[in-house]
Amino acid sequence: MPGTSQRGGHLPPTATVLVVLGRGVLPAAGGTWALTPASLARVRAARDYVAANEAAFAAAAQRGRRPRIVFTGGWAEAAEGAAPPPAGWREADLMLREALAAGLDRHADLRAEARSRSTLENLLRTAADGLLAGHAFDRHHPLGIVSHTWHLPRVRYLARRALGLRGGALLDVPATGGEPAPGWWPEGAVRMACRLWFLGVREPAGLLRRERAMVALLHRARRGTRRAPAGGRPSARRPTGGDADAPTGYRTVAGGSTAVTKNRRTP
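Residues numbered from 1 in each chain as written. Predicted model: local features only at pLDDT ≥ 70, side-chain atom pairs only at ≥ 80, totals over all residues. Heavy atoms only, no water.

J.: Got a minute to help me understand the overall build of the protein chain in this structure?
T.: The secondary structure content of the protein chain amounts to eight helices and eight strands. Across the 267 residues of the protein chain, 49% fall into the buried class. Once local pairs closer than 6 in sequence are excluded, the contacts in the protein chain between residues at least 24 apart make up 74%. Just so you have it, the protein chain exposes about 12,600 Å², and 54% of that area is on carbon and sulfur atoms. (Helix = DSSP H or I, 4+ residues; strand = E, 2+ residues; numbered from the N terminus. Buried < 20%, exposed > 50% of the residue type's maximum accessible area, 1.4 Å probe, protein only. Contact = heavy atoms within 4.5 Å. Areas by Shrake-Rupley, 256 points an atom, 1.4 Å probe, with all protein chains shown as cover.)

J.: It is not clear to me how the pattern of salt bridges should be interpreted in this structure. Could you clarify?
T.: Close approach of charged atoms lets side chains of opposite charge pair. Summed over the entire model, instances satisfying the criterion amount to eight salt bridges. When the shortest N-O distance is used, the salt bridge between Arg47 and Asp48 registers 3.0 Å. The partner of Arg212 in a salt bridge is Glu121, with the nearest N and O atoms 4.0 Å apart. One end of the pair, Arg212, is in helix H8 (residues 204–227); the other, Glu121, is in helix H5 (residues 119–128), and 91 residues separate them in sequence. Taken together, the shared-partner salt bridges connect Arg117, Glu121, Arg125, Glu211 and Arg212 into one network. (Salt bridge = Lys/Arg side-chain N within 4 Å of Asp/Glu carboxyl O.)

J.: What is the right way to read the environment of Phe57 from this model?
T.: As for its position among the elements, Phe57 is in helix H2 (residues 54–62). Classification of Phe57 as buried rests on a relative accessible area of 1%. Filtering out sequence-adjacent residues up to four positions away, Phe57 remains in contact with Thr14, Ala15, Thr16, Tyr49, Val50, Pro67 and His107.

J.: Help me out: how do you make sense of H5 in this one?
T.: Turn by turn, an α-helix covers 3.6 residues, leaving residues three or four places apart pointing in a common direction. Across the ten residues that make up H5, a large majority, seven, are buried. Along H5, the residues that are buried comprise Thr119, Leu120, Glu121, Asn122, Leu123, Leu124 and Thr126.

J.: In this structure, what is going on with the nonpolar core? I would like to understand it.
T.: Within soluble globular proteins, side chains that are nonpolar generally end up buried alongside one another. Grouped together as the largest cluster of nonpolar side chains are 30 residues, with contacts concentrated most on Leu18, Ile69, Phe71 and Leu110. Where this core is concerned, the elements lending two or more residues are strand S1 (17–21), strand S3 (33–35), helix H1 (37–52), strand S4 (68–72), helix H4 (91–101), strand S5 (109–113) and strand S7 (170–175). Sequence-distant contacts of Leu18, that is, excluding residues within four places in its chain, are made with Ala46, Tyr49, Val50, Arg68, Ile69, Val70, Gly144, Val146 and Val173. Listed in part, the 29 residues of the second largest apolar core include Phe137, Leu143, Val190 and Leu207. (Core = buried A, V, L, I, M, F, W, Y, C linked by side-chain atoms within 4.5 Å.)

J.: Looking at this structure, how should I read the side chain of Glu211?
T.: Note that Glu211 resides in helix H8. Residue class for Glu211 comes out buried when judged on its relative accessible area of 5%. Once you skip the residues sitting within four places of it in the chain, Glu211 turns out to touch Ser118, Leu120, Glu121 and Phe198.

J.: Quick question: what am I supposed to make of the confidence of the model for the protein chain here?
T.: Any region with low pLDDT has predicted coordinates that should not be read closely. Mean pLDDT over the protein chain: 81, with 75% of residues reaching 70 or higher. Across residues 241–254, where pLDDT falls below 50, the model places 56 contacts with residues more than four positions away in sequence or in other chains. (pLDDT = per-residue confidence, 0-100.)

J.: Just checking my understanding: could you explain the side chain of His135 for this structure?
T.: One can find His135 in the loop between H5 and strand S6 (143–148). Only 3.4 Å separates the side chain of His135 from the backbone oxygen of Arg66, close enough to count as a polar contact. Ignoring sequence-local partners within four residues, the contact set of His135 consists of Val17, Arg65, Arg66 and Arg68. (Polar contact = N/O pair within 3.5 Å; in protein donor to acceptor, adjacent residues only side chain to side chain.)

J.: Whenever I open this one, helix H6 (residues 152–163) confuses me. Can you help?
T.: Buried within H6 are the following residues: Leu152, Arg154, Val155, Tyr157, Leu158, Ala159, Arg161 and Ala162. Gly164 sits one or two positions beyond H6 and adopts a positive phi of about 75 degrees.

J.: Looking at this model, I keep getting lost on the environment of Pro142. Mind explaining?
T.: If you trace the backbone, Pro142 turns up in the loop between H5 and S6. Once the C-alpha coordinates of Pro142 and Ala15 are considered, the two residues, 127 residues apart in sequence, prove to be 5.3 Å apart. What Pro142 contacts, discounting residues up to four positions off in sequence, is Pro13, Thr14, Ala15, Val17, Phe137, Gly168, Ala169, Leu170 and Leu171.

Here's what the structure looks like:
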């Protein structure tokens, strides 16, 4: 289980603050939306990690370092060109509902950021909305990043750019199941593109400008690839998700994010 394997004869530290990155939503019956299997797998990875480290979460709360889980994701505009779904039905909104249903609010404060359209925006908006405020991260108190194994190296690179965290200050919490490896553009190529396009840039506004330019270039390349085969057909519907008002019964916090704490909802 995560957090229980040994490294060099010592147990690794437990991350009691987690950032769970979304992986899309799909239209469902009755005009509603549902998490993709990959997004759901990431929520379950967070649930399983907390269950495997319940004592550490309780101890952190007793020391005044209240655990926190941030669900981040709006819609897959950057990766898939998806349009935003309706308010309240975006990645972080639905992941938060799954987390509440699993009882994770008994172990940690739950927050949701539902405006981001890319991995970089996941991290930048999480920081800008103050969802990690009150916590400092180092090798003794790492930030846990919850995503699929193929995605984690890029998240780590972008966390260094967006959050100033690297090495032992980050702890991988890998999700399994829900999807094959990424589809239309190899993840290794995307990771290399990020390293080239973001070279020397650290300011959030500059990172976002570079990302928009990179995404536009990749989408042009994708359209050219899809036009090439004669008689080719468009791909199946893509996962989507996105920026939203909070669902009924929740209140938004700074930047439009949502907060839920044990036995109360926090403005």
